[in-house]
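Report on the structure
So you can see what is in the structure, the chains are spelled out below.
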2 protein chains.
Amino acid sequence: MAGWSRAVRGVLLDISGVLYDSGGDGGGTPIAGSAEAVRRIKASGLKLRFCTNETQATREKFVKKLQGLGFDISVDEVTAPAPAACRILKERGLRPHLLVHNDLIPEFAELDKANPNCVVIGDAAENFTYANLNEAFRVLIGMEKPVLISLGRGRYYKETDGLKLDVGAYMKALEYACDVEAEVVGKPAKPFFESALAAMGVPPQQAIMIGDDIVSDVGGAQQCGMRAVQVRTGKYRPCDENHPQVKPDAYVNNLAEAVDILLQQL
Amino acid sequence: MAGWSRAVRGVLLDISGVLYDSGGDGGGTPIAGSAEAVRRIKASGLKLRFCTNETQATREKFVKKLQGLGFDISVDEVTAPAPAACRILKERGLRPHLLVHNDLIPEFAELDKANPNCVVIGDAAENFTYANLNEAFRVLIGMEKPVLISLGRGRYYKETDGLKLDVGAYMKALEYACDVEAEVVGKPAKPFFESALAAMGVPPQQAIMIGDDIVSDVGGAQQCGMRAVQVRTGKYRPCDENHPQVKPDAYVNNLAEAVDILLQQL
């Protein structure tokens, strides 16, 4: 039995790069064995929560896509940045200018967006145009005290047609231009992991995160007191294993292997 | 007589925001009194050099535009980042992947660009598309040791149709995504100011920089031992006067006023 799997009661799963490889067209390809692995976790009695920085679609649409790919997943099992951001915006009376993917806009439908007093940036993909970035910049620089809320700080991700810059890169561009620091919602922010743990009802010491991102998934979860395993799928690169700051509790070839090991200890 | 103007023998002039306000369409509007001010500097016997981070056009094209706006300026009076970058690339045997404005590409005509081993980023304006940024990122992340050369580190600039993100913002995006630090050619890099001073044949103690950018122009020149004056034109904003790091030797309303004061001391 691997030490890292001892006394785990709850599993947090990253989605993109762990369950499937997303395609630039909104589709994607399941990673071999992952759909079965999710079913095995559920059958084992372990608590399970999906914890994603996905911001290219509403949770509803995103979950529907995963169901179509054969995954046993429902909307209320998913912790995602946009609903978390909406709560923060409401609490603080913020009116967002949105620089997000078109398909994410419905998540913000309830909020007043007239005369914006903050900018919310997500993985806008094709909406990261020169014009849209200049517009978001002008909204920010026009504020006495610019408020920038970022739905994640990922550097890049892999789609079937190649690596793409993620929201973190564009967040850095706006941070630098306006000399502000963004407030990050989503992984690796601590409150985000904590809300996922709370939804499972499992303390961090008894939970494990399984992800493909050495910083957002592994580093973020460890900062919360959880164990974290990196899969060698998705955006994993061999040089991640020499990361100067973050050291996973273990590497596994894929989710199926992680689940094999986890279930041995039950 | 103002203390800051004492014993000045050489003047470095920023161009955009000091001589004229550029338009998004490639045109621009002269700042009142600036064309006359350039003529007065030249007639006074002071040494003069234009020192710009302009990378939206070749020096030839850019100078022609300024001549059309009424300025007495020639190509061999201008220190600009692209020719400086070309020298560096040749010295180090680097083959660039270019993320620059279409009109700047001829500056790199002599260089081998097959199988690139570095990325050169300039103010690419409309060429800052999602696809082009992803492509530059993929070239960088595919290198064992990514080399990113940036033609400036400006945050933003003002065109007649509003503020625009400058090359520095996009440089930061790529730096973050690839976990590298760009090598900056252009203001505020010390070698860039030094080459402008060498072209005038004036030591830094006897030279003054006049610019609208508190960091790139004023801060950069002062780091080289020059004095520096900020004009209240171009991208100048009142909050610049409370900048936490940089304090100009003086503020002037515009170039014409700076030249009035400079010429009094001759």
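Everything below is about the structure shown above.
Anyway, here's the lowdown on the structure attached to this text.

1. Observations regarding the interface of chain B and chain A
Accessible area lost during the coming together of the parts is what is often quoted as the interface size. Across the boundary between the two partners, chain B contributes 30 residues, which contact 30 residues of chain A. Counting the surface chain B buries against chain A, the share from its top three residues, Tyr130, Leu165 and Tyr176 of chain B, is 31%. When residues of the side of chain B that touches chain A are traced back to their parent elements, those giving at least two are helix H4 (130-141), strand E9 (156-159), strand E10 (162-165) and helix H5 (167-178) of chain B. Looking at the side of chain B that touches chain A element by element, the count peaks at 8 residues for H5 of chain B. Class assignment of the residues belonging to the side of chain B that touches chain A gives a composition of 16 nonpolar, 5 polar and 9 charged.

2. Quick look at the pattern of salt bridges
All names here are of chain A. Evaluation of the coordinates by the stated rule reveals 28 salt bridges over all chains. Among the ionic pairs, Arg92 bridges to Glu183, the shortest N-O distance being 2.7 Å. Taken together, the residues span a long stretch of sequence, with Arg92 in helix H3 (residues 81-92) and Glu183 in strand E11 (residues 183-185) at a distance of 91 residues. The exposure class assigned to Arg92 is partly exposed, which follows from its relative accessible area of 43%. The class for Glu183 is partly exposed, based on a relative accessible area of 31%. Across the pair Glu175 and Lys172 runs a salt bridge whose closest N-O atoms are separated by 3.4 Å. With Glu175 and Lys172 both in helix H5 (residues 167-178) and 3 residues apart, the pair spans about one turn of that helix. With relative accessibility at 11%, the residue Glu175 sits in the buried group.

3. Description of the sheet that holds strand E12 (residues 207-211) of chain B
Residues and elements named next belong to chain B. Spatially, the 6 strands line up as an open sheet ordered E5-E4-E1-E12-E13-E14, and their pairing is parallel. Two strands in the sheet have a free side with no partner beyond their single neighbour: strand E5 (78-79) and strand E14 (250-252). With 4 bridges joining them, strand E1 (residues 10-13) and E12 adopt parallel strand pairing. The residue bridging Leu13 from the neighbouring strand is Ile210, located in E12.

Parameters at a glance
- Residues numbered from 1 in each chain as written.
- Chains lettered and ligands numbered in written order.
- Predicted model: local features only at pLDDT ≥ 70, side-chain atom pairs only at ≥ 80, totals over all residues.
- Heavy atoms only, no water.
- Contact = heavy atoms within 4.5 Å.
- Buried area = accessible area lost by both parts, 1.4 Å probe.
- Helix = DSSP H or I, 4+ residues; strand = E, 2+ residues; numbered from the N terminus.
- Nonpolar A, V, L, I, M, F, W, Y, C, P; charged D, E, K, R; others polar.
- Salt bridge = Lys/Arg side-chain N within 4 Å of Asp/Glu carboxyl O.
- Buried < 20%, exposed > 50% of the residue type's maximum accessible area, 1.4 Å probe, protein only.
- Pairing = 2+ DSSP bridges.

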